[in-house]
Amino acid sequence: MSRSDGFSMDADPVEVGHNSIDASRLADGESIVSSSGLPQTSADFLASQSHSCSSAFIKHENDQQDSFYERVQSARHTTWTPGWEVATPRFNRSSNVTMDDGKNYYARVFDLLNWSRKQNLLPVLVNISSICHKGMELQHDDNHGRISMRELSGIDDESQSSPSLHACSNKFRDKTRTSTACIDMPGLLVANPNPPLKVNNPCHLQYRMVDGSHRLCLRKYLLTLLNRELRQLEKSRGETSTYKDIHDQIEQKQKMINQTSHGLFLVMNQTTFQSMLVNSNPHTSWARSREYLMKDFNEEVQLEWEAWMGRVMDRVFESKDEGFGDECIRFPNNNA
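Note that the coordinates shown come from a computational prediction; the quantities given were computed from them, not determined experimentally. (Residues numbered from 1 in each chain as written. Predicted model: local features only at pLDDT ≥ 70, side-chain atom pairs only at ≥ 80, totals over all residues. Heavy atoms only, no water.)

## Side note on the overall build of the protein chain
Phase 1 of the analysis: Scanning the protein chain from N- to C-terminus turns up eleven helices and twelve strands.
Phase 2 of the analysis: Residue burial in the protein chain is summarised as follows: out of 336 residues, 52% are buried.
Phase 3 of the analysis: Counting contacts in the protein chain only where the partners sit at least 6 residues apart, residues at least 24 apart contribute 80% of the total.
Phase 4 of the analysis: Looking at the protein chain as shown, the accessible area adds up to about 15800 Å², and 48% of this sits on carbon and sulfur atoms. (Helix = DSSP H or I, 4+ residues; strand = E, 2+ residues; numbered from the N terminus. Buried < 20%, exposed > 50% of the residue type's maximum accessible area, 1.4 Å probe, protein only. Contact = heavy atoms within 4.5 Å. Areas by Shrake-Rupley, 256 points an atom, 1.4 Å probe, with all protein chains shown as cover.)

## Comments concerning the sheet that holds strand β10 (residues 187-191)
Phase 1 of the analysis: With mixed pairing, the five strands of this open sheet are ordered in space as β6-β12-β10-β11-β7. Looking at which strands have only one partner, the edges of the open sheet turn out to be β6 (124-127) and β7 (131-132).
Phase 2 of the analysis: Strand direction decides the pairing type here: β10 and strand β11 (residues 207-211), joined by four bridges, are antiparallel. Paired with Ala 191 across the strands is Tyr 207, a residue of β11.
Phase 3 of the analysis: Its contacts with the sheet put helix α3 (residues 109-118) on β10, β11 and β12 (262-268), and the angle it makes with β12 is roughly 90°.
Phase 4 of the analysis: Relative to β11, helix α7 (residues 213-236) is tilted by about 120°, and along the sheet it contacts β7, β10, β11 and β12. (Pairing = 2+ DSSP bridges. Axes fitted to C-alpha atoms, helices over the stretch in contact; angles between N-to-C directions.)

## Looking at the environment of Met 256
Phase 1 of the analysis: By the secondary structure assignment, Met 256 is in helix α8 (residues 243-260).
Phase 2 of the analysis: Assessed through its relative accessible area of 4%, Met 256 is described here as buried.
Phase 3 of the analysis: Placed 29 residues apart in sequence, Met 256 and Asn 227 show a C-alpha to C-alpha distance of 9.7 Å.

## Quick word on the nonpolar core
Phase 1 of the analysis: Of all hydrophobic cores here, the largest spans 38 residues; its most connected members are Leu 112, Leu 113, Phe 273, Phe 297 and Trp 305.
Phase 2 of the analysis: Among the secondary structure elements, those contributing two or more residues to this core are α2 (62-74), β5 (106-108), α3, β10, β12 and α11 (299-323).
Phase 3 of the analysis: Here the element with the most residues in this core is α11; it accounts for seven residues. (Core = buried A, V, L, I, M, F, W, Y, C linked by side-chain atoms within 4.5 Å.)

## A word on the pattern of salt bridges
Pairing between side chains becomes possible if they bear opposite charge and their charged atoms approach one another.
Phase 1 of the analysis: What the rule picks out here adds up to five salt bridges.
Phase 2 of the analysis: Note that Arg 117 is salt-bridged to Glu 304, the shortest N-O span being 3.0 Å. Highlighted residues: Arg 117 in helix α3 and Glu 304 in helix α11, separated in sequence by 187 residues.
Phase 3 of the analysis: Residue classification places Arg 117 among the buried positions, given a relative accessible area of 14%.
Phase 4 of the analysis: Take Glu 304: its relative accessible area is 34%, and that puts it in the partly exposed class.
Phase 5 of the analysis: A salt bridge links Asp 184 to Arg 219; the shortest N-O distance between them is 3.3 Å. Pair noted here: Asp 184 is in the loop between α6 (175-180) and β10 and Arg 219 is in helix α7, with a separation of 35 residues, a long-range link. You'll find Asp 184 and Arg 219 in the same group, each marked buried. (Salt bridge = Lys/Arg side-chain N within 4 Å of Asp/Glu carboxyl O.)

## A closer look at unusual backbone geometry
Phase 1 of the analysis: A positive phi is found at Asn 120, a non-glycine position, where the angle reads about 50°.
Phase 2 of the analysis: Tracing the backbone through its elements, the reader meets Asn 120 in the loop between α3 and β6.
Phase 3 of the analysis: A positive phi is found at His 204, a non-glycine position, where the angle reads about 60°.
Phase 4 of the analysis: Residue placement: His 204 occurs in the loop between β10 and β11.

## Regarding the environment of Ala 181
Phase 1 of the analysis: Tracing the chain through its elements places Ala 181 in the loop between α6 and β10.
Phase 2 of the analysis: Of the residues examined, Ala 181 reaches a relative accessible area of 1% and is grouped as buried.
Phase 3 of the analysis: For Ala 181 and Gln 49, which are 132 residues apart along the polypeptide, the C-alpha to C-alpha distance reads 7.9 Å.
Phase 4 of the analysis: Apart from residues lying up to four places away in sequence, Ala 181 is in contact with Gln 49, Ser 52, Arg 215 and Leu 218.

## Quick look at the state of the cysteines
One way to say it: the disulfide is the covalent bond shared by the sulfur atoms of two cysteines.
Phase 1 of the analysis: As enumerated under the stated definition, the model contains three disulfides in all.
Phase 2 of the analysis: Linked covalently through their sulfurs, Cys 53 and Cys 182 form a disulfide whose S-S length is 1.9 Å. Here the S-S torsion is close to 100°, and the disulfide linking Cys 53 with Cys 182 is therefore right-handed. Remark: Cys 182 occurs in the loop between α6 and β10 and Cys 53 occurs in helix α1 (residues 42-56); sequence separation between them is 129 residues. Neither residue differs from the other here; Cys 53 and Cys 182 are each classed as buried.
Phase 3 of the analysis: Bridging Cys 168 to Cys 217, the disulfide has an S-S length of 2.1 Å. The S-S bond linking Cys 168 to Cys 217 shows a torsion near -80°; that makes this disulfide left-handed. Of this pair, Cys 168 sits in the loop between α4 (149-153) and α5 (169-172) while Cys 217 sits in helix α7, placing them 49 residues apart in sequence.
Phase 4 of the analysis: Given the relative accessible area of 0%, Cys 168 is considered buried.
Phase 5 of the analysis: Residue classification places Cys 217 among the buried residues on the basis of a relative accessible area of 0%.
Phase 6 of the analysis: If one numbers only the bonded cysteines of the protein chain, in the order they occur, the disulfide pattern is 1-4, 2-5, 3-6. (Disulfide = S-S within 2.5 Å.)

Limitation: the analysis is restricted to geometry and does not speak to function.
Structure, rendered in structure tokens:
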């Protein structure tokens, strides 16, 4: 068996051959952990991830491969959601028009990933507290010109390091994605050149997420579980005679929190991202039919994608071998 040849697409999909867009609704701030339907302990969550990631790393049959490539081709990142507009009008050479603050513009995830492939872009380690994803703009404080300190500092309930999950509540409603998404699959980020200024980033953070928000939210969810368990261990430290055992568990939990707080992501610069924005109606152009959508994705292109994705996943495995402890997610390298 070999590694998976694909990522799990999180961006807004275009319904090919139809006139409606399946855009995600914004989060409503409801309580997450108890109502999410997700595992309630880090051990159970990691067990579910072991299954999701192991399945994701196995080469699929042709029909599953075709389905993946179709998802890649149909996904897009929109720039008209309030707070997510592209800040600076920019002349687009390919479309020969001047863009006006991102109105009606979007980036096809395929174009972004294909550029990454051509550049042989490999994922880098990023602290997830520096990433802004859709849903977080709801906690942006316009009066002070910054996202709320609760989201920036990661304070949730009594924890001092758990991320707020309110911005993720809508993501967790999609049970298909949450049950199959592997948090180790690299997401795609656009770098903010001048943080904390608001440049294509409503959170004033270092990165804008353009694909992978479901996986990022699942990582935040795991962090919340780990921090709650850490608090429970710290409370029981003075109530038990097995001090050393509790101390070792606390130390291991802190190590897992530090590791989970970082992930591997593909990162492109803002100028490149802006140059790929388009405003064509997908239903009269590239997504008017499945056949038209897939017409340029021939066998040669697929082989080039598989080779690049293999290098990307090699980087993921290398990172886990270099820095992940025994209790963190660890998957076999199925190159043999």
